[in-house]
Amino acid sequence: MKGPIFSGAIILAGMFIFLKFLLPLVTAPLPASLIYLYLALVLSGIMIYGTMSAPSLEAMMGPIFRFLSGKGQTGAGQIARLAVLVMFPLLVGWQTYSRLVPSDLPPAENRTIHPAPPGEFVGLSNPYPKTPENIMMGKGLYAAYCSPCHGANYDGKGPAAPGFNPPPANFSDPGTIAQLQEAYLFWRIKKGGVGLPVEGMPWKSAMPRWEEELPEEFIWKIIMGEYDGAHQSPRTWEEEEE
Amino acid sequence: MLNGRGSLRTLLIFGLFGVLWFSSVFANEPPASEDVGSVSVRMYQIEGSLPSEDPNSSQWDSVPSSEFNLAPQVHWPPRIQEVTVKSVKVKGVHNGQELAILVEYADPTEDAADAAALEFMVGDKPAHFAHGQEMLQVEGGPVNIWFWKNESGKAVDMSAKGFKTLESQPHQDVQAKGVWQNGTWKVVFSRSLKTEDSQDVQVEEGEWRSVAFAFWDGAVVDGLVKEKGGQKAVSTWWYIRAEPTADNSIFGWVILGLALAAAFELVIVRKLRKGQSV
């Protein structure tokens, strides 16, 4: 095939590659629904353009109509036409089925991992100096209280970890505490899973509410030990303002 | 009859609708798969009486199982760092009236204080998996706990909403039967899908509920029971449901869709053949 159908297909394919693969290099990936909506718009543009005048209409639709009518077709053309005519109703049937069949999967979990902290925790900073003694003490407390879940290696692989969903955070992953400020950790450790807002699904979290067992001093020192042990550093207020 | 151009326009408009519809079809993102361990228990529908009394019944053999890891309870005191039961296999069946859930797990010794429990959220408010403990920003609901202990040989139907609120319900609706054999406990819990009791989880066919598990190894070590109270093997919430009866009306709609699509094709092809091609 050549002519407007061919160039239309090229434009569509190019657009798809742009939306699906190139755009995500600079922004967040688009949801599939949006990609297909854009493609549908591009396609309707192509079709409107192609049908503006009688000659362009003929150039665009002529081959398609001749193909569908089956006039003068032989061999492969005939088989292809038959295949299209059979596939279309089957596709409609299949779509009807998959739309109506009740969803078989458990509810999707859209848990927000880092929801906003309550106001009283914003802007706090660690009142204890980062001395080797304080870091040592923090690591000791971490080993006693946190390592059963978060792991002696700060990797979220403690002996108790396999039973929990969501799993204990992996502090050596750059996606957890390296993204957060010490004040945020102070909130999370003090109030635990039950302190999360609704989008954090607090009812699922095994993270203990440590304020019931540990004084604030211990929590600040654990934070120091945690960053040191995981080889990460906290986000600072300056970074936040950038 | 329309002239060639006119009917072509109509065709094109239909075509456009077709494209839009088609694109919305593709817009359905593929659902999350259940590949990382189990995330749910399905209670399969069977006819007639359930194998509620007999954990070894051959009726259970053909029921697919789910498997969940368990953790030593280190979420709140009294903690325990090492537990006997590391994972549990779960099967479920129902017959439209009653349900039966079989839990199967390794425990090398049979002891009087061995125990197993299922926990469910009750009602619409989410409950924290640890006995519906208080949440700070979300109003939580109660939990319903079905607790079986070897020495009593039966289940207790319990409720809790927060730590230290666990108590046996005035209405007892749950039965259980446990059998220990060759280092494996099999315990079947059974109940009617629905009860009159507002403290109970109500199971509707096809609707997901939340379930969690707990097990105690009652072995006596140095004169003390190894695991009891908060010292146990636990899980957090997973999903469970009674599988619904298949809805056959869907196939009527599928046939209608097929017929409409075929009729649409027929009309177009006939129009084209009548020489209305451009």
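Residues numbered from 1 in each chain as written. Chains lettered and ligands numbered in written order. Predicted model: local features only at pLDDT ≥ 70, side-chain atom pairs only at ≥ 80, totals over all residues. Heavy atoms only, no water.

Trainee: Could you give me a rundown of the pattern of salt bridges, with the residues and numbers involved?
Mentor: What the rule picks out here adds up to 20 salt bridges over all chains. For Glu212 of chain A, the salt bridge is made with Arg209 of chain A, and the minimal N-O distance between the two is 3.9 Å. For Glu212 of chain A, a relative accessible area of 58% corresponds to the exposed category. The salt bridge partner of Arg209 of chain B is Glu207 of chain B, with a shortest N-O separation of 3.1 Å. (Salt bridge = Lys/Arg side-chain N within 4 Å of Asp/Glu carboxyl O. Buried < 20%, exposed > 50% of the residue type's maximum accessible area, 1.4 Å probe, protein only.)

Trainee: Which residues make up the interface of chain B and chain A, and what values go with them?
Mentor: Taken together, the 67 residues of chain B in the interface contact 68 residues of chain A. Both sides together, the interface formed by chain B and chain A hides about 5700 Å², and carbon and sulfur atoms give 69% of it. Applying the counting criterion to the chain B and chain A interface returns 16 residue pairs in polar contact (both at pLDDT 80 or more). Secondary structure elements with two or more residues in the side of chain B that touches chain A: helix H1 (4-26), strand E1 (40-45), strand E3 (71-72), strand E16 (238-242) and helix H2 (249-276) of chain B. Here the side of chain B that touches chain A is built from residues that sort into 42 nonpolar, 14 polar and 11 charged. (Contact = heavy atoms within 4.5 Å. Buried area = accessible area lost by both parts, 1.4 Å probe. Polar contact = N/O pair within 3.5 Å; in protein donor to acceptor, adjacent residues only side chain to side chain. Helix = DSSP H or I, 4+ residues; strand = E, 2+ residues; numbered from the N terminus. Nonpolar A, V, L, I, M, F, W, Y, C, P; charged D, E, K, R; others polar.)

Trainee: Quick one: what's the story with the domain arrangement of chain B, residue by residue and with numbers?
Mentor: A common way to report how large an interface is uses the accessible area buried once the components associate. Taken as a whole, chain B is organised into domain 1 (40-242) and domain 2 (248-278). Between the C-alpha centres of domain 1 of chain B and domain 2 of chain B there is a distance of 54 Å. (Domains from an automatic or database assignment.)

Trainee: Requested: an account of the pairing of strand E2 (residues 66-69) of chain B, with residues and values cited.
Mentor: All names here are of chain B. Burial along E2 is one-sided: Ser66 and Phe68 are buried, and none of Glu67 and Asn69, which face the opposite way, are. Summarising the sheet, E2 and strand E4 (residues 87-94) pair through 4 bridges and their orientation is antiparallel. Opposite Ser66, over in E4, you have Val90 as the bridge partner. (Pairing = 2+ DSSP bridges.)

Trainee: Please set out the side chain of Ser66 of chain B residue by residue, giving values where relevant.
Mentor: Residue and element names in this part refer to chain B. If you trace the backbone, Ser66 turns up in strand E2. By relative accessible area, which is 9% here, Ser66 ends up buried. At 2.7 Å, the side chain of Ser66 and the backbone oxygen of Ser40 are in polar contact. Excluding its chain neighbours within four sequence positions, the residues that come into contact with Ser66 are Ser38, Ser40, Val41, Val88, Lys89 and Val90.

Trainee: Now, about the confidence of the model for chain B: what can you tell me, with residues and values included?
Mentor: Residues and elements named next belong to chain B. Looking at chain B, the pLDDT average stands at 89 and 85% of residues meet or exceed 70. Under a pLDDT of 50 for its full length, residues 29-36 has, in the predicted model, 10 contacts with residues more than four places off or in other chains. For this predicted complex, the interface score ipTM comes out at 0.80, while the overall pTM is 0.78. (pLDDT = per-residue confidence, 0-100.)

Trainee: Could you give an account of the nonpolar core, naming the residues involved and the relevant values?
Mentor: Residues and elements named next belong to chain B. Counting residues in each nonpolar core, the largest one holds 34 residues, and the members touching the most others are Phe189 and Phe213. Listed by contribution, the elements that provide at least two residues to this core are E1, E4, strand E5 (98-106), strand E6 (115-121), strand E7 (143-149), strand E11 (184-192), strand E12 (209-216) and E16. Judged by nonpolar contacts, the second largest core, of 28 residues, contains Ala71, Ala115, Val156 and Met158. (Core = buried A, V, L, I, M, F, W, Y, C linked by side-chain atoms within 4.5 Å.)

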